[in-house]
There are 2 protein chains.
Amino acid sequence: MAAKIKASLVLKRYKNLQEVVLDKDLARLGDMYVNFVHSLALSQKLQRPTGVKVNNRALAEAVKKSGLRKMLPRRIDRHAQGNAAEALIVYAWLQEVMSFEDCLKILRGGDDPTEAFTRLLQEIGKKLGAPYE
Amino acid sequence: MAAKIKASLVLKRYKNLQEVVLDKDLARLGDMYVNFVHSLALSQKLQRPTGVKVNNRALAEAVKKSGLRKMLPRRIDRHAQGNAAEALIVYAWLQEVMSFEDCLKILRGGDDPTEAFTRLLQEIGKKLGAPYE
């Protein structure tokens, strides 16, 4: 799927990862991606279709636990922390760093959304070749 | 992507297409799917990332124009008409009747959301082997 999407048509030019996680437009697209993949993971776990939005609190918590928080400005509210996670997750998909299937697998695995998204952000951090700092 | 998703893990057993389009749980998952694919199509058109929810009015209008309305009970409000479109679109993806890429292409093509979703619902109708009635 990702190969045909052509990230070049969608992504802006970013100087570094900090620009990526602070891009609000990318966070808007990421919001839609994250809600869909989370809903599908939950549907698979429950073995019936369902759709739920990801709780912003869980995302912000995952940003802290994964270490991604260190990349963000000190004064930043919970909403912006959630945005950072959403931007990074869809960036990783568009750049073919983390496939939809792998993302789905990780989200299906966690006991709760905070744990699942923490692991997802950690894996993306590893694949991007740098711990968050 | 679709091949690995295993629709059997997610979809209930449906006697007919009318049961599909009236399944509220499936519409919830469909809501997430539709918002994501619509946002990605728009991002590609604008050549920058963005995320927008699909307007329920546009979906309900597409349900009428595509002919899908005929499958639904006479007394059904606009919200439920939008749900029917969302349920059918994600059903088509899970059943591998309409791939994510094809869905994206059709949505990218329309001049406005109503037109794009009308075409999408018509194509899905054709692929499911029956005009809506």
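Look up: the structure comes first, before these words.
Described in the following lines is the structure provided in the data block. (Residues numbered from 1 in each chain as written. Chains lettered and ligands numbered in written order. Predicted model: local features only at pLDDT ≥ 70, side-chain atom pairs only at ≥ 80, totals over all residues. Heavy atoms only, no water.)

Taken as a whole and judged by the stated rule, the model has 15 aromatic pairs over all chains. Considering the side-chain rings of Phe36(A) and Trp93(B), the 5.5 Å spacing of their centres and the 65° angle between planes classify their relative orientation as edge-to-face. A residue pair is termed interchain when its members come from two chains, as with Phe36(A) in helix α4 (residues 24-46) and Trp93(B) in helix α6 (residues 78-94). Note on accessibility: Phe36(A) and Trp93(B) belong to one class, buried. (Phe/Tyr/Trp six-rings, centres within 6.5 Å; stacked < 30°, edge-to-face > 60°. Helix = DSSP H or I, 4+ residues; strand = E, 2+ residues; numbered from the N terminus. Buried < 20%, exposed > 50% of the residue type's maximum accessible area, 1.4 Å probe, protein only.)

Contacts between chain B and chain A engage 32 residues on the former and 32 residues on the latter. Buried area between chain B and chain A, summed over both chains or domains, comes out near 2,900 Å², and the portion from carbon and sulfur atoms is 74%. Scanning the region where chain B abuts chain A turns up 0 residue pairs in polar contact (both at pLDDT 80 or more). Looking at the side of chain B that touches chain A, the elements that each hand over two or more residues are α1 (2-5), α2 (7-10), α4 (24-46), α6 and α7 (100-109) of chain B. Classifying every residue of the side of chain B that touches chain A by side-chain character gives 17 nonpolar, 7 polar and 8 charged. (Contact = heavy atoms within 4.5 Å. Buried area = accessible area lost by both parts, 1.4 Å probe. Polar contact = N/O pair within 3.5 Å; in protein donor to acceptor, adjacent residues only side chain to side chain. Nonpolar A, V, L, I, M, F, W, Y, C, P; charged D, E, K, R; others polar.)

It is worth spelling out the packing of α6(B) against helix α8 (residues 113-127) of chain B at this point. All names here are of chain B. The interhelical angle for the contact between α6 and α8, taken along N-to-C directions, is 55°, at an axis separation of 10 Å. Between α6 and α8, the angle falls in the class oblique. Two packed elements cross with a definite hand, and for α6 against α8 that hand is left-handed. Listed contacts from α8 to Ala85, Leu88, Ile89 and Ala92 of α6 are Phe117, Leu120, Leu121 and Ile124. A breakdown of the residues in the contact of α6 with α8 according to their chemical character gives 8 nonpolar, no polar and no charged. (Axes fitted to C-alpha atoms, helices over the stretch in contact; angles between N-to-C directions. Parallel < 35°, antiparallel > 145°, perpendicular 65-115°, else oblique. Left-handed = near helix turned anticlockwise from the far one by under 90°.)

Turning next to the relation of the copies chain B and chain A. Least-squares fitting of chain B to chain A yields an RMSD of 0.0 Å, with the superposition described by an axial translation of 0.0 Å and a rotation of 180°. With respect to symmetry, the two chain copies, as superposed, fit the operation of a two-fold axis. Looking at chain B, 100% of its interface residues are interface residues in chain A too, so the copies touch through the same face. (Least-squares fit on C-alpha atoms with pLDDT ≥ 70 in both.)

Here Ser39(B) lies in helix α4. The exposure class assigned to Ser39(B) is buried, which follows from its relative accessible area of 0%. Here the side chain of Ser39(B) touches Asn35(B) through a polar contact of 2.8 Å, landing on its backbone oxygen. With residues near it in sequence (within four places) discarded, Ser39(B) still touches Leu29(A), Met32(A), Thr50(B), Gly51(B) and Val52(B).

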